[in-house]
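Structure at a glance
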Amino acid sequence: MSGSHRAASHRRSRSAPSPRTEGRGTGRAADRVAATRASAPRVAAEEPAVGRGRRRKPKPRRVRKLTVSTATLLALAAGWFTVGPGRTFPQTTTAAPDRNPDDQVVPMRAAEIHTEAPAADRADRTKLTSIPGLGPSWTAKIPAETRQLLVASGKGKDSSDTTVTLWTRGADGVWQAGQAWPAHNAYKGWTAEHRSGDLRSPIGLFALTDAGGRKANPGTKLPYDQDTAFVMGGRGFNNEPLAGSFDYVVAINYNRVAGTSPLDTRTPEGAAKGGGIWLHLDHGGPTHGCVSLTEDHMIELVRALDPALHPMIAMGDAQSLSG
C-alpha cells in the first residue's frame with residue numbers, strides 16, 4: 001500500500017462519517033465528505049473515488065541528486081592526513097551531481113596524489129656508512145674507534161692542489177661531512193713511496209695525535225706544544241714569504257714518534273723515508289711534503305680535533321684514494 005493511500009484512508013476515518021451514517025443522512029454528510037476531499041492535499045485528491053471512471057496515473061516526482069556537502073569535503077580533507085601513503089580514502093554514500101548511482105567508483109590512493117617521499121625517507125637517503133671518494137680498501141683500514149677522519153684529496157697525482165674535509169662518524173656508524181676547504185700539498189704531487197727531499201706528499205692513512213705552534217693554543221683538545229722554535233723563513237716555490245707558516249701545526253704520524261711534540265725529529269723507519277710531515281698554515285703555494293690550510297680553516301680544524309675520537313687523516317690524490 002502506497003503512502004498516499006494510507007494518508008487518504010486515515011483522513012477519511014477521522015473526518016468522514018461511516019457509509020452507514022451517510023446512507024441514513026439527508027445529504028449533508030455527503031457534502032461534508034466532498035468538502036473534506038476538496039480540502040485534502042493534492043496527492044490525496046488525485047486518488048479516484050470508487051466508481052468514478054478510469055484511474056489517473058500519478059506523475060513521477062523528480063528527485064534531485066544531492067551534491068557533495070561541506071562536511072563531506074572536510075572529511076575527505078581530513079582523510080588526506082590520516083590514511084597515510086598507499087591507503088585509500090574513506091568512501092562516502094553521498095552521490096555526486098549528475099553521477100549515475102550504478103557507476104563504479106574507483107577510490108583514489110593517497111600515493112597517487114602525494115608522490116613526494118616522506119621526510120623520514122629523505123633523511124634516510126642522506127645517511128652515509130662510507131665516505132664518498134674513499135675506496136673500500138681505505139674504508140677497511142679505518143679503525144673502529146676512529147670517529148674523526150680528515151680526508152685530503154689531491155686534484156691529481158702530480159698536482160699541488162688539494163681539498164680537505166673533516167668527517168665525523170656517529171655512534172650509529174653514519175659519517176657526517178664538515179666543510180670542504182681548499183689546501184696545498186707538495187710541489188710535485190703525491191707518492192706511495194715517500195723519500196726525503198722528493199718534494200712529494202706521502203699517500204696513506206695516518207693518526208693525528210699532537211699539535212703545537214709558535215702561537216698559543218687556540219683551543220684544541222690535542223696535546224699542544226707552544227714553542228718559539230716553530231719558525232719558518234725564506235720564500236716558497238711561488239716566491240711567496242713563508243713566515244708564520246708554523247704558527248699552528250698538527251703533526252701527521254708519518255715516520256714519527258706519536259705522543260711527542262711535532263718538533264721531535266726522530267724517524268723510527270729511518271731518515272731516508274723523510275719526516276716532519278705536518279698540517280700547517282698555508283703560505284700561498286706548494287709545500288715540501290706537508291698539507292697546508294688558510295689560518296681560519298686551520299684554527300677551526302685544530303679546535304675540532306678531539307683525541308677521544310681518535311682522529312686520523314687519509315691523504316693522497318683522488319684516484320689513489322678511490323682504490
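In this text the structure is predicted, and so the values were computed from the model without any measurement.

On to the overall build of the protein chain. Assigned secondary structure in the protein chain consists of 10 helices and 12 strands. The proportion of buried residues among the 323 residues of the protein chain is 34%. Partitioning the intrachain contacts of the protein chain with sequence separation of at least 6 by distance along the chain shows that 61% fall at a separation of at least 24. Accessible surface for the protein chain amounts to roughly 19900 Å². Of this, 53% is attributable to carbon and sulfur atoms.

Our next topic: the confidence of the model for the protein chain. Per-residue confidence for the protein chain gives a mean pLDDT of 76, with 61% of residues at or over 70. In the model, residues 1–53 has pLDDT below 50 throughout and makes 23 contacts with residues more than four positions away in sequence or in other chains. Segment residues 71–125 is flagged for pLDDT under 50; beyond a separation of four residues in sequence, or across chains, it makes 47 contacts in the model.

All right, on to the packing of aromatic side chains then. Applying the stated rule across the entire model yields 4 aromatic pairs. A ring pair is formed by F230 and W278, whose centres lie 5.8 Å apart and whose planes are at 50°; its orientation type is tilted. Within this pair, whereas F230 is found in the loop between β8 (224–226) and β9 (249–251), its partner W278 is found in strand β10 (residues 278–281), the two being separated by 48 residues in sequence. You can call F230 buried: its relative accessible area is 2%. According to the relative accessible area criterion, W278 is buried, its value standing at 9%. Here F246 and W278 contribute two aromatic rings whose centre-to-centre distance is 5.0 Å and whose plane-to-plane angle is 70°, an arrangement assigned as edge-to-face. With F246 in the loop between β8 and β9 and W278 in strand β10, this pair connects stretches of sequence that are 32 residues apart. Taken together through their ring pairs, the aromatic side chains of F230, F246 and W278 make up a single cluster. The cationic tip of K141 hangs over the ring face of W138; the distance from NZ or CZ to the ring centre is 5.2 Å.

What follows covers unusual backbone geometry. Excluding glycine, residues mostly have negative phi values, and the peptide bonds linking residues are mostly trans. Backbone geometry at L199 places phi at a positive 60°, although glycine is not the residue there. Tracing the sequence through the fold places L199 in the loop between β4 (190–191) and β5 (201–202).

For the rest of this paragraph, the subject is helix α9 (residues 295–304). Among the residues of α9, H297, M298, I299, L301 and V302 are the ones counted as buried. At its buried positions, α9 is contacted by β1 (148–154), β2 (161–169), β3 (175–184), β9, β10 and β11 (291–293).

This part takes up the environment of S153. You can see S153 is positioned in strand β1. The sequence separation of S153 and D317 amounts to 164 residues, and the corresponding C-alpha distance is 5.3 Å. Leaving out residues up to four positions away in the same chain, S153 has contacts with T162, T163, G316, A318 and L321.

The next subject is the nonpolar core. Core analysis: the largest hydrophobic core is formed by 41 residues, its most contacted members being L149, V250, L279 and I313. Apart from the residues within four sequence positions on either side, I313 is in contact with L149, L150, A152, G204, L205, F206, L208, I252 and L279. Counting residues in each nonpolar core, the second largest holds 6 residues, with F246, V249, A251 and W278 among its members.

To continue, consider the environment of R200. Along the chain, R200 falls in the loop between β4 and β5. For R200, a relative accessible area of 23% corresponds to the partly exposed category. With 13 residues separating them along the chain, R200 and Y187 place their C-alpha atoms 6.5 Å apart. If near-sequence neighbours (up to four positions away) are discounted, R200 is found in contact with K157, D158, A186, K188, G189, W190, T191, H194, H288 and G289. Separated by 3.3 Å, the side chains of R200 and D158 make a polar contact.

Summed over the entire model, instances satisfying the criterion amount to 8 salt bridges. The partner of D247 in a salt bridge is R214, with the nearest N and O atoms 2.9 Å apart. Of this pair, D247 sits in the loop between β8 and β9 while R214 is found in the loop between β7 (210–213) and β8, placing the two residues 33 residues apart along the sequence. Three or more residues are tied together by salt bridges with common partners; here these are R214, K215, D247 and E295.

Here β7 shows a buried face lined by D210 and G212 and a second buried face lined by A211 and G213. The sheet contact formed by β7 and β8 spans 3 bridges and is parallel. Its bridge partner lying in β8, G213 is registered against Q226.

This part covers the environment of A180. Take A180: it is sitting in strand β3. Spatially, the C-alpha atoms of A180 and V164 are 5.6 Å apart, while their sequence positions differ by 16 residues. Excluding residues that lie within four positions of it along the chain, A180 makes contacts with T163, V164 and T165.

The element β1 is extensively covered by neighbouring structure, given that 6 of its 7 residues are classed as buried. Pairing analysis gives 7 bridges linking β1 to β2, with the strands arranged antiparallel. Opposite L149, over in β2, you have W167 as the bridge partner. Following β1, the chain reverses through 6 residues before pairing antiparallel with β2. Looking at chain direction, β1 and strand β12 (residues 312–317) are connected through 6 bridges and run parallel. Note that in β12 the partner of G154 across the bridge is D317.

Parameters and conventions
- Residues numbered from 1 in each chain as written.
- Predicted model: local features only at pLDDT ≥ 70, side-chain atom pairs only at ≥ 80, totals over all residues.
- Heavy atoms only, no water.
- Helix = DSSP H or I, 4+ residues; strand = E, 2+ residues; numbered from the N terminus.
- Buried < 20%, exposed > 50% of the residue type's maximum accessible area, 1.4 Å probe, protein only.
- Contact = heavy atoms within 4.5 Å.
- Areas by Shrake-Rupley, 256 points an atom, 1.4 Å probe, with all protein chains shown as cover.
- pLDDT = per-residue confidence, 0-100.
- Phe/Tyr/Trp six-rings, centres within 6.5 Å; stacked < 30°, edge-to-face > 60°.
- Lys NZ or Arg CZ within 6 Å of the ring centre and 35° of its normal.
- Core = buried A, V, L, I, M, F, W, Y, C linked by side-chain atoms within 4.5 Å.
- Polar contact = N/O pair within 3.5 Å; in protein donor to acceptor, adjacent residues only side chain to side chain.
- Salt bridge = Lys/Arg side-chain N within 4 Å of Asp/Glu carboxyl O.
- Pairing = 2+ DSSP bridges.

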